[in-house]
Amino acid sequence: MLSSERSEESSMDASLCLRSVQHEKRVMACTSVSFQAFSLSFRAVARNPLHGCFAQHDRAIVVKKAVTQSIGNHFAKVAVHHEKLFVIPMAQRSLVWFRNDLRLHDHEALTAALAESSDILLLYCFDERQFGKLPSGFPKTGKFRAKFLIESVEHLRQAVRERGGELLVRMGKPEQIIADLAGALGITSVYFHQEATSEEQYVESALRQNLNALGVRTREFWGSTLYHKSDLPMSIEALPDVFTNFRKQVEKHAQVRPLFPTPTRLKHFADVEAGEVPTLQGLGLEEPQPDVRAVMTFKGGESQGLQRLHEYIWQKDLLKTYKDTRNGLIGADYSSKLSPWLANGCLSPRKVYEEVKKYEAQRIANDSTYWLIFELLWRDYFRFIALKYGNRIFHKFGIKGKPREWSHDREAFERWVVGKTGQPFIDANMRELAATGFMSNRGRQNVASYLVHDLNVDWRWGAEYFESVLIDYDVCSNYGNWNYVAGIGNDPREDRYFNPKRQAALYDPKAEFIKRWIPELSSWDAKRLIEADSLEYT
Ligand SMILES: Cc1cc2nc3c(=O)[nH]c(=O)nc-3n(C[C@H](O)[C@H](O)[C@H](O)COP(=O)(O)OP(=O)(O)OC[C@H]3O[C@@H](n4cnc5c(N)ncnc54)[C@H](O)[C@@H]3O)c2cc1C
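A. Main features of unusual backbone geometry. The phi angle at Asp106 is positive, at roughly 45°, despite the residue not being glycine. Structurally, Asp106 can be placed in the loop between β6 (93–98) and α4 (108–116). C-beta crowding within 10 Å serves as the criterion here: with 22 such atoms nearby, Asp106 is assigned to the buried category. Located in the positive-phi region is Asp317, a residue other than glycine, with phi close to 55°. Checked against the element boundaries, Asp317 lands in the loop between α9 (302–315) and α10 (322–325).

Now the structure itself:
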């Protein structure tokens, strides 16, 4: 029935006055065209909205049916209104490129693609360059982070499939893989979130170039911070170099945007191989061994991130004491532990904000509830600092450009890495990191300070080691904090120094943390341990 209708109507002449609304130029002047011709012409001008005028409404309806059948639902919405036929091309076939935004909630790029497209392809690409070696020789993405990433991608794929869609997974260079897919599948737009640092921006610009050559447009969004880049009360160039000045202005003049909704249904259009999520072994990495002393078990994925958020804030009701406990060292409860999910974008900072605001409305609002948002502002700050200073965050003299001679004593550095400096508080923290991929904020400040101020070793070695091992590695937070501790970043205080003995006395007075990670010292008296700084381990 449909095909006979179609052939009958296809041969029918229609007086169409087609006009490109976008360019206001006539595409086909009032002429008699067959529907095949219409269809072909339509495809040629598929990016411009068209409309045709008809003398009678009925005739317009018949034409609408034929046009819809001829061009298919994928390319345009066809509608009749007041005897006019409107052919409104969609953004058509879109590809959403997932990066450090491995979630479905609060995902602007995905939301926009869904609103503007008839067909969507979702893709995650393991960038082979992220699995090479760092200049210092460490794997660029170590086993803890790689495992978390693999789990996050698997969970995203599962969530997409539960909604009727598919997440394609590829390994290689995203700028080539996406361009190849776009060419082969007639993709017209690629949607993604922008990143803030050079390696990622290089990929974005190479992708833009490759897509441009194919006539494919990019739709780019900013989605990694609590406050949107465009809502800042100052330009990036004018970003204050002192955090407090930034925070005060943002708190006074900017607002956190509302969340984008989580899609309930997703479609998949192309008959294209889904691709396998790589294994750790396939990436040349070994499986991390669980350690009972770890603060908690981190599992990648959006639902796990949301679950941890719910557990921390609502189930365990820990938010109300966050400011008092956040300098802790042992266990899951002293801080939120949301960092790995935030770093991979499994969790949106705006989602965390929303839950904090709900908690404040329903349970209690105090210094602690405020302080979690305060910490998220630090996270924002380092991201904007990366935009402001570009590659200077990686430079030897940092964003301040402050000259300093660094030692390149490899042996001293390696003792620091394995937790054998002889300073028990430092060594306990470094052993925790090596065994679990996580370290508390208090620990990170201390070990970083020890490396740069006590050992005088080049801060970039420490930052690279963290990049390799941290499960929550985030390029801006990591390099921003290292700049800060090394005295070449955003710390207004010159030469801030963390005295490890004093820090251990304050934060580990019973040496529980030290003994936990250096069991060979478990019979030692706490006071003696805290005061020691040149131990020799067996
Ligand atoms: C040398 C050094 C390197 C660091 N490298 C990283 C890194 O690669 N990735 C990372 O996420 N954090 C990094 N941090 C910051 C901080 O140590 C961790 O964010 C925090 O320990 C994670 O635990 P949490 O989620 O329980 O934090 P919470 O105390 O619960 O804080 C909530 C969130 O706020 C953000 N946050 C807290 N403190 C900071 C901070 N100082 N800078 C930026 N964001 C912050 C994090 O997203 C964190 O998840 C680093 C800190 C130092 C001193």
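Read on for the rest.
B. The arrangement of the pairing of strand β7 (residues 119–127) in detail. With nine of nine residues buried, β7 lies mostly within the body of the structure. Two strands pair when backbone bridges link them, and β6 and β7 are joined in this way by six bridges, in the parallel orientation. Note that in β7 the partner of Arg93 across the bridge is Asp119. Tracing the backbone out of β6, into α4 and back to the parallel element β7 gives a crossover that is right-handed. With six bridges joining them, β7 and strand β8 (residues 167–172) adopt parallel strand pairing. Bridge pairing links Cys125 to Arg170 in β8. Each parallel crossover has a hand, and for β7 linked through helix α5 (residues 143–162) to β8 it is right-handed.

C. Structural context of the sheet that holds β6. On the basis of which strands lie adjacent, the open sheet formed by five strands has the order β8-β7-β6-β9-β10 and parallel pairing. A strand with exactly one partner marks an edge of an open sheet, and here the two such strands are β8 and β10 (217–221). Averaged over all neighbouring strand pairs, the angle between strand axes comes to 25°, with direction disregarded. As paired elements, β6 and strand β9 (residues 189–193) share four bridges and run parallel to each other. Paired with Val96 across the strands is Tyr191, a residue of β9.

D. Here's a closer look at the packing of helix α12 (residues 349–362) against helix α13 (residues 367–389). Contact geometry of α12 with α13 gives a least axis separation of 10 Å together with a crossing angle of 165°. Considering their axes alone, α12 and α13 lie roughly antiparallel with respect to each other. The two elements α12 and α13 cross, and the hand of that crossing is left-handed. Here α12 contributes Pro349, Val352, Tyr353, Val356, Tyr359 and Glu360 to the contact with α13, which in turn contributes Thr369, Leu372, Ile373, Leu376 and Arg379. Split by residue class, the contact of α12 with α13 holds eight nonpolar, one polar and two charged.

E. Expanded view of the packing of helix α16 (residues 441–454) against helix α18 (residues 475–485). Running from amino to carboxyl end, α16 crosses α18 at an angle of 55°, the nearest separation of the two axes being 9 Å. If you check the angle between α16 and α18, you find them oblique. In the crossing of α16 with α18, the sense of the turn from one axis to the other is right-handed. Side by side, α16 and α18 meet where Arg444, Gln445, Ala448, Ser449 and Val452 of the first sit next to Asn481, Trp482 and Val485 of the second. Across the contact of α16 with α18, the residue classes break down as four nonpolar, three polar and one charged.

F. Region of interest: the pairing of β9. Among the five residues in β9, five count as buried, and that is most of the element. Burial along β9 is two-sided: Ser189, Tyr191 and His193 and Val190 and Phe192, pointing in opposite directions, are all buried. Pairing between β9 and β10: five bridges, direction parallel. Bridging from a neighbouring strand, His193 pairs with Phe221 of β10. In this view, the connection linking β9 to its parallel neighbour β10 by way of helix α7 (residues 198–214) has right-handed handedness.

The rules behind the values
- Residues numbered from 1 in each chain as written.
- Predicted model: local features only at pLDDT ≥ 70, side-chain atom pairs only at ≥ 80, totals over all residues.
- Helix = DSSP H or I, 4+ residues; strand = E, 2+ residues; numbered from the N terminus.
- Buried ≥ 20, exposed ≤ 12 C-beta atoms within 10 Å, placed from the backbone.
- Pairing = 2+ DSSP bridges.
- Right-handed = clockwise from strand over helix to strand, strands pointing away.
- Axes fitted to C-alpha atoms, helices over the stretch in contact; angles between N-to-C directions.
- Parallel < 35°, antiparallel > 145°, perpendicular 65-115°, else oblique.
- Left-handed = near helix turned anticlockwise from the far one by under 90°.
- Contact = placed C-beta atoms within 7 Å.
- Nonpolar A, V, L, I, M, F, W, Y, C, P; charged D, E, K, R; others polar.

Scope: geometric values only; no functional claims are made or implied.
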